[in-house]
Amino acid sequence: TILVNQNAGTTRDSRIKIRNLNLDGNQANQTTPATGEMPVIRLWDVTKCLLQNINVENARDYAGRFLKCTRTEFFNLNSYSSYGDGWSFGLSADSQPLVDCKIDNIHAESCLGTYGSLEGNPQLFVVQNCVVGKISGRDSGGGIKIQDASADSTFDSLLFTGNTNGTSNSGVKVQGNNGASLYPKNINIGQIVSRNAWGVGLYINHVDSVSIGSYMGFENGNGGGSGSNEYG
């Protein structure tokens, strides 16, 4: 990990500003750790922070992993080439969602999903009381995913363009965890556009409540599975 807050996961840090950086994770020359993760940027248990105008290339597992962040802002984050996922905002395990945050103009492409159990999702969200703007993913193994304990949050637009890695992953997912009784609730999405997903363009499963203003699907279902002509 290139950047991590000093007291990650122990005591809360605050008022950190990280702006205007180009970071290279040097993925091909990293060795996989025996335990733990190695995102290029990690913020864990912070409040009132700012990440802005950050470009990350060649991540080993995540371009950025943000856990238990409150009242923090994430603007203009771009990821190019990751062996795992792109940007990960929050986690349900151990109550680590993002709360009262602002997130906008987040892009990731070429997330391969070849690292460990990661699927190549451009973005992952477990957010509560958050305002999210434009999210886009391209040429990745997985799709944009809103999951688990997400609640009371708005998303302006989710834009996915495929060429995935041959898995059944969908372009956009809103998905709960039925086994853990975690269901996205009061999620409002203005617009979804999904194109060239290997699986379905839009997948919704195990949710409490979600509202979508408009959905457009184009040429999804390229995996050729059953019903692929209807996957748009």
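Before any of the text, the structure's been laid out above.
This one's a predicted model, so the numbers in the text were calculated from it and none came from an experiment.

**Student:** Give me the packing of aromatic side chains: which residues, what numbers.
**Tutor:** Inspection of the entire model under this criterion finds six aromatic pairs. Measuring from centroid to centroid gives 5.3 Å for F74 and F89, while their planes differ by 80 degrees, and the two rings are edge-to-face. With F74 in strand β7 (residues 73-82) and F89 in strand β8 (residues 87-89), this pair connects stretches of sequence that are 15 residues apart. For the pair F74 and F89, a shared accessibility class is recorded, and that class is buried. A ring pair is formed by F89 and F125, whose centres lie 5.2 Å apart and whose planes are at 5 degrees; its orientation type is stacked. Taken together, the positions of F89 in strand β8 and F125 in strand β11 (residues 123-125) put the pair 36 residues apart, joining distant regions of the chain. For the residue pair F89 and F125, the accessibility class agrees, reading buried in each case. Geometry around F218 places R195 over its ring, the cationic atom sitting 4.4 Å from the centre.

**Student:** Please give an account of the state of the cysteines that cites residues and values.
**Tutor:** Tallied over the full model, the rule gives zero disulfides. Cysteine C69 is unpaired, with the sulfur of C101 as its nearest cysteine sulfur at 6.0 Å. The exposure class assigned to C69 is buried, which follows from its relative accessible area of 0%. Take C130: it sits in no disulfide, and the sulfur closest to it among the cysteines is that of C101, at 4.6 Å. On the basis of relative accessible area, C130 is assigned to the buried category, the value being 2%.

What counts, and at which threshold
Residues numbered from 1 in each chain as written. Predicted model: local features only at pLDDT ≥ 70, side-chain atom pairs only at ≥ 80, totals over all residues. Heavy atoms only, no water. Phe/Tyr/Trp six-rings, centres within 6.5 Å; stacked < 30°, edge-to-face > 60°. Helix = DSSP H or I, 4+ residues; strand = E, 2+ residues; numbered from the N terminus. Buried < 20%, exposed > 50% of the residue type's maximum accessible area, 1.4 Å probe, protein only. Lys NZ or Arg CZ within 6 Å of the ring centre and 35° of its normal. Disulfide = S-S within 2.5 Å.

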